[in-house]
Amino acid sequence: IRMVCKAVCILQEIPPVRIPDPDDPSKRIMDYWGPSQGMLGKPDFLDSLMNFDKDNMKPKIVAEIQKEFIENPDFNPDVIAKASKAAEGMCRWVVAMVTYDRVAKIVAPKKAALAEAEAKLKVTMDALNEKKASLKAVEDDLQTLEDQLAGAKQKKADLEEQADNCGKKIGRANDLLDG
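Residues numbered from 1 in each chain as written. Predicted model: local features only at pLDDT ≥ 70, side-chain atom pairs only at ≥ 80, totals over all residues. Heavy atoms only, no water.

Novice: How do you make sense of the overall build of the chain when you look at a structure like this?
Specialist: Each helix and strand in the chain was counted, giving 6 helices and 2 strands. In the chain, the order of α-helices and β-strands from amino to carboxyl end is α-β-β-α-α-α-α-α. Against the compact-globule benchmark of 16 Å for 179 residues, the chain has a radius of gyration of 43 Å, which places it well outside the compact range. Taking the principal axes of its C-alpha atoms as reference, the chain extends roughly 150 × 30 × 30 Å. When burial is assessed residue by residue, the chain has 21% of its 179 residues classed as buried. Here the contacts in the chain between residues at least 6 apart in sequence split such that 63% fall between residues at least 24 apart. (Helix = DSSP H or I, 4+ residues; strand = E, 2+ residues; numbered from the N terminus. Rg over C-alpha atoms; globule rule 2.2 N^0.38 Å. Buried < 20%, exposed > 50% of the residue type's maximum accessible area, 1.4 Å probe, protein only. Contact = heavy atoms within 4.5 Å.)

Novice: What exactly am I supposed to notice about helix α4 (residues 59-70) here?
Specialist: Note that an α-helix has 3.6 residues per turn; residues three or four places apart therefore point the same way. Inspection of α4 places I61, V62, I65 and F69 among the buried residues, and these make up the whole buried set. Along α4, the residues classed as buried sweep out an arc of 100 degrees about the axis, all on the same side. For α4, the exposed residues set more than 90 degrees away from the buried face come down to P59, K60 and K67. Buried residues along α4 sit in contact with α1 (2-11) and α6 (85-178). (Arc of directions from axis to C-beta.)

Novice: What is the right way to look at the packing of α1 against helix α2 (residues 33-41) in this model?
Specialist: The description of two helices packed together rests on the angle between their axes and the distance between the axes. Interaxial distance between α1 and α2 falls to 9 Å at its minimum, and their mutual angle equals 75 degrees. Between α1 and α2, the angle falls in the class roughly perpendicular. Residues R2, C5, V8 and C9 of α1 form the contact with α2, whose own contacting residues are W33, P35, S36, M39 and L40. Classifying every residue of the contact of α1 with α2 gives 7 nonpolar, 1 polar and 1 charged. (Axes fitted to C-alpha atoms, helices over the stretch in contact; angles between N-to-C directions. Parallel < 35°, antiparallel > 145°, perpendicular 65-115°, else oblique. Nonpolar A, V, L, I, M, F, W, Y, C, P; charged D, E, K, R; others polar.)

Okay, here's the thing in structure tokens:
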């Protein structure tokens, strides 16, 4: 239980107190038991765990937790559950915070790369849409010109037909006049 409380205190940056060493009263040691009892007695203790700023944990603290606790085989929620269910929950919380930090360091650069790629995609898509609009305007102009060309060809064919008919009528009129 002391080990779990110490880990929670370190993560929440609650400083230890100096107490006389039980093995050698002439020396002093840093102890987390007193501060951890105060931490556990606070009415907002659970809120402090749930609202913990996991995105801004100091690398030094995470490294200390990793080295001193996570790598310790006794710091296992299943082992700690035998002593205390509450301590098991806090142990799982500490493990989860360290795991979150490790994953966040892997995911954060990927999120930044994704945001950058999405920004580049947006710029490219905007340019593509602009080019598509330009192409549509050219295609519309081309269609208009093709329609005008088809109209002009039809008018030409009509005029040629009229000219041919007029030529035939003139030929018949001359034949009538000659006859």
